[in-house]
Amino acid sequence: MSELLCERIRRNAAELKLPALIENLDELVVRAEEAQLGYRELLDLVLEEEVGALEGRRYASRLKLSGLPHHKTFEEFELAFQPELDPKRIAELRSLRFLERHACLLLLGPPGVGKTHIAVALAMEAMAAGYFCRYATLAELIGDLRRAERLGTLPRRLAHHCRPA
């Protein structure tokens, strides 16, 4: 592809805010040529690349705003370490159906049993599914709400804490 044409494509992609096309133009052209894609297939490839990049940026933003203390997943959780945990109950939580039902989840137990890890892993899966999450300990939440009450901003802070699923 001529350098002039590539530059015009990149300039138009920048104007349309299509960063994945700008970054991956040469690779996408090679993939399209190797697969001998038609026009529709090429457009589909370009748009899929953009949607994937957009979702990646959205996930990174949700992750940053979540306030998670770490980014551990269920794959890193040793269920065998906690035999009292019911694998069926964990599987049910991982389905995220409690979010669809707008049900609350409260994790209780002594220190060291994996409450934080489970909460973080659930948040990671929920964010991957497109939900917004916010992590806070009960002490942090109460402290924040008490400060807001003293400052007269309690309704706004409550709305802030109620926004995530």
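The structure under discussion appears in the preceding block.
Residues numbered from 1 in each chain as written. Predicted model: local features only at pLDDT ≥ 70, side-chain atom pairs only at ≥ 80, totals over all residues. Heavy atoms only, no water.

Turning to the nonpolar core, a few remarks are in order. Within the largest apolar cluster, 18 residues are counted, with the highest numbers of intra-cluster contacts made by Leu-68, Leu-122 and Met-127. Elements supplying a minimum of two residues to this core: helix H4 (87–94), helix H5 (97–100) and helix H6 (115–128). At eight residues, the largest contribution of residues to this core is made by H6. Core analysis: the next-biggest nonpolar cluster, separate from the first, contains eight residues, Cys-6, Leu-25, Leu-45 and Val-46 among them. (Core = buried A, V, L, I, M, F, W, Y, C linked by side-chain atoms within 4.5 Å. Buried < 20%, exposed > 50% of the residue type's maximum accessible area, 1.4 Å probe, protein only. Helix = DSSP H or I, 4+ residues; strand = E, 2+ residues; numbered from the N terminus.)

Where helix H1 (residues 3–15) contacts helix H2 (residues 19–34), the two axes come as close as 8 Å, and the packing angle between them is 155°. Relative to H2, the element H1 is oriented roughly antiparallel. With respect to the hand of their crossing, H1 and H2 are arranged in right-handed fashion. Every residue of H2 that contacts H1 at Cys-6, Ile-9, Arg-10, Ala-13 and Ala-14 is listed here: Leu-21, Ile-22, Leu-25 and Asp-26. Residues of the contact of H1 with H2, tallied by class, amount to seven nonpolar, no polar and two charged. (Axes fitted to C-alpha atoms, helices over the stretch in contact; angles between N-to-C directions. Parallel < 35°, antiparallel > 145°, perpendicular 65-115°, else oblique. Left-handed = near helix turned anticlockwise from the far one by under 90°. Contact = heavy atoms within 4.5 Å. Nonpolar A, V, L, I, M, F, W, Y, C, P; charged D, E, K, R; others polar.)

As a further point, take the packing of aromatic side chains. With the rule as written, the count across this model stands at zero aromatic pairs. The ring centre of Phe-132 lies 4.4 Å from the NZ or CZ of Arg-163, which sits over that ring. (Phe/Tyr/Trp six-rings, centres within 6.5 Å; stacked < 30°, edge-to-face > 60°. Lys NZ or Arg CZ within 6 Å of the ring centre and 35° of its normal.)

Here we come to the packing of H2 against helix H3 (residues 39–66). Between H2 and H3, the shortest axis-to-axis distance is 10 Å and the interhelical angle comes to 140°. Taken together, the axes of H2 and H3 are oblique relative to one another. Two packed elements cross with a definite hand, and for H2 against H3 that hand is right-handed. Between H2 and H3, the contacting residues are Pro-19, Ala-20, Leu-21, Asn-24, Leu-28, Arg-31 and Ala-32 on the first element and Leu-42, Leu-45, Val-46, Glu-49, Glu-50, Ala-53 and Arg-57 on the second. Within the contact of H2 with H3, the residues separate by chemical class into nine nonpolar, one polar and four charged.

On to the pattern of salt bridges, then. For the coordinates displayed, the defined rule picks out 10 salt bridges. A salt bridge links Glu-27 to Arg-31, with the nearest nitrogen and oxygen atoms 3.6 Å apart. In this pair, Glu-27 and Arg-31 both sit in helix H2, four residues apart, roughly one turn of the helix. On the accessibility criterion, Glu-27 (43% relative accessible area) is partly exposed. Taking relative accessible area as the criterion, Arg-31 reaches 36% and is therefore assigned partly exposed. A salt bridge links Glu-49 to Arg-31; its shortest N-O distance comes to 3.7 Å. Here the residue Glu-49 occupies a position in helix H3, and Arg-31 occupies one in helix H2, the gap between them amounting to 18 residues. The exposure class of Glu-49 is partly exposed, given its relative accessible area of 24%. (Salt bridge = Lys/Arg side-chain N within 4 Å of Asp/Glu carboxyl O.)

This is a description of form; function is not addressed.
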